[in-house]
Amino acid sequence: MNNSYDSVGRYIDLLKKVLTASIYDESGWAVKDPNNKNAVLNQLKKKNLYLVEAKVFNEAERAEGRDWPLFGYTMAGHQRLDNVQLCVEQVIKNNIPGDFVETGSWRGGMTIFMRALLDVYGVSDRFVWVADSFEGLPVPADENDGLDLSQVDYLKVSLEQVKANFEKFNLLDDQVKFLKGWFADTLPTAPIKDIAILRLDGDLYSSTMDSLENLYPKVSKGGFVIVDDYNSWPACKRAVTEYLAAHSIIPDIQKIDWTAVYWQV
Ligand SMILES: C[S@@+](CC[C@H](N)C(=O)[O-])C[C@H]1O[C@@H](n2cnc3c(N)ncnc32)[C@H](O)[C@@H]1O
């Protein structure tokens, strides 16, 4: 594997900038009221009219995935993309068997990046699985499940849109598999064999627990588990803690940034 700053390195860097929308003069622009709280703005949205604040781009904030990008393909930020690159390169180098899975893909950016890395390293025997409702978050089961973001339009990205996003990068092919529906319905019967990288980004307790219960047993020894919301969503952390305790797993949890963590299985 060549880590020098050659054309491959430049392609990967450019991908990170485009996927996070960090490369434009307008990168900092933000839609007002993304959570649909303002009645007037909500009415305007129904006519496809948005109020956009021309904010100055804060590179550090985007690198840490702290803001919701207006036109990026991932909200996870550079540090979490760097982490995915590290995990992908490790599993390829060490021949850890299995596919790459993300539960909670939004616009697909993280999985587009995974598919691009398989392409870069000429790997044709692994799949990238993109699991999402493709209609946003579910209504939380109860107050312990986490925040109710089920009405947030910004988080609702259709399967057609995500496929179109892959196509924009010329990365939509048979190595990308989509699992459309609620995790509780799709994951128990998902035809995934081994997993080398399991990336959880479903925010809620239930979404995290459904992902862990159905997919953690498939993660290969030496594979990686990444939890995006660990330190930003207490309900997510609780699901991870309970799952690990129930299965007597004591991983070496490493910090990626202010919220995300990962460990090697
Ligand atoms: C924070 S976004 C994911 C961000 C994405 N990983 C990125 O890199 O930008 C959370 C996603 O999880 C999905 N989601 C959450 N809970 C779900 C569930 N129980 N079943 C299906 N999809 C779910 C939502 O539809 C949404 O697309």
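Residues numbered from 1 in each chain as written. Predicted model: local features only at pLDDT ≥ 70, side-chain atom pairs only at ≥ 80, totals over all residues.

### Concerning the pairing of strand 4 (residues 128-132)
Item 1. Most of strand 4 is tucked away, with 5 of its 5 residues classed as buried.
Item 2. On strand 4, burial covers both faces: Val128, Val130 and Asp132 on one face and Trp129 and Ala131 on the other are all buried.
Item 3. Relative to strand 4, strand 3 (residues 99-103) runs parallel, the two being bridged by 4 bridges. Each residue of the ladder has a partner; that of valine 101, found in strand 4, is tryptophan 129.
Item 4. Pairing between strand 4 and strand 5 (residues 176-180): 5 bridges, direction parallel. Its bridge partner lying in strand 5, valine 130 is registered against phenylalanine 178.
Item 5. Taking the sense of rotation as the criterion, the β-α-β connection linking strand 4, helix 6 (residues 159-168) and strand 5 turns out right-handed. (Buried ≥ 20, exposed ≤ 12 C-beta atoms within 10 Å, placed from the backbone. Helix = DSSP H or I, 4+ residues; strand = E, 2+ residues; numbered from the N terminus. Pairing = 2+ DSSP bridges. Right-handed = clockwise from strand over helix to strand, strands pointing away.)

### Digging into the environment of valine 84
Item 1. Checked against the element boundaries, valine 84 lands in helix 4 (residues 78-93).
Item 2. The spacing of valine 84 and arginine 199 is 115 residues in sequence and 8.8 Å in space, taken between C-alpha atoms.
Item 3. When sequence neighbours within four positions are dropped, the list of residues in contact with valine 84 reads Met110, Phe113 and Met114. (Contact = placed C-beta atoms within 7 Å.)

### A closer look at the site of the ligand
Item 1. In the neighbourhood of the ligand, 22 residues make up the surrounding shell, with Thr74, Gly104, Trp106, Asp201 and Ser207 lying closest.
Item 2. By residue class, the composition of the shell around the ligand is 10 nonpolar, 8 polar and 4 charged. (Near = placed C-beta within 6 Å. Nonpolar A, V, L, I, M, F, W, Y, C, P; charged D, E, K, R; others polar.)

### Here we look at unusual backbone geometry
Phi is mostly negative for residues that are not glycine, and the peptide bonds are mostly trans.
Item 1. Phi angles above zero are rare outside glycine, and phenylalanine 134 is one such case at about 60 degrees.
Item 2. Structurally, phenylalanine 134 can be placed in the loop between strand 4 and helix 6.
Item 3. With a phi close to 60 degrees, asparagine 170 is a non-glycine residue in the positive phi region.

### Remarks on the packing of helix 8 (residues 205-215) against helix 9 (residues 234-246)
Item 1. The interhelical angle for the contact between helix 8 and helix 9, taken along N-to-C directions, is 30 degrees, at an axis separation of 7 Å. On the basis of the axis angle, helix 8 is roughly parallel to helix 9. Judged by the twist between their axes, the crossing of helix 8 over helix 9 is right-handed. In this structure, helix 8 contributes Tyr205, Thr208, Met209 and Leu212 to the contact, and helix 9 contributes Ala235, Cys236, Arg238, Ala239, Val240 and Tyr243. (Axes fitted to C-alpha atoms, helices over the stretch in contact; angles between N-to-C directions. Parallel < 35°, antiparallel > 145°, perpendicular 65-115°, else oblique. Left-handed = near helix turned anticlockwise from the far one by under 90°.)

### A closer look at the nonpolar core
Item 1. In terms of nonpolar packing, the biggest core is built from 63 residues, with Phe113, Met114, Ile197 and Val227 touching the most fellow members.
Item 2. Ranked by the residues each element gives to this core, the list is headed by helix 5 (residues 109-120), at 7 residues.
Item 3. Once residues lying within four places of it in the same chain are set aside, the contact partners of valine 227 are Leu200, Cys236, Val240, Ala260 and Val261. (Core = buried A, V, L, I, M, F, W, Y, C linked by C-beta atoms within 7 Å.)

### Comments concerning helix 8
Item 1. The buried fraction of helix 8 amounts to 9 of the 11 residues, a majority that puts the element mostly inside the structure.
Item 2. Buried residues along helix 8 sit against strand 3, helix 7 (183-186), strand 6 (195-200) and helix 9.

### Concerning the pairing of strand 9 (residues 261-264)
Item 1. As paired strands, strand 7 (residues 219-227) and strand 9 are joined by 4 bridges and run antiparallel to one another. Its bridge partner being in strand 9, valine 227 is matched across the sheet by valine 261.
Item 2. A loop of 5 residues connects strand 8 (residues 254-255) with strand 9, the two strands running antiparallel in sequence.

### Let's talk about the domain arrangement of the protein chain
Item 1. Under the domain assignment, the protein chain is made up of domain 1 (22-63) and domain 2 (78-264).
Item 2. Counting from both sides, the interface comprises 5 residues of domain 1 and, opposite them, 6 residues of domain 2.
Item 3. Its residues placed into classes, the side of domain 1 that touches domain 2 shows 2 nonpolar, 2 polar and 1 charged. (Domains from an automatic or database assignment.)

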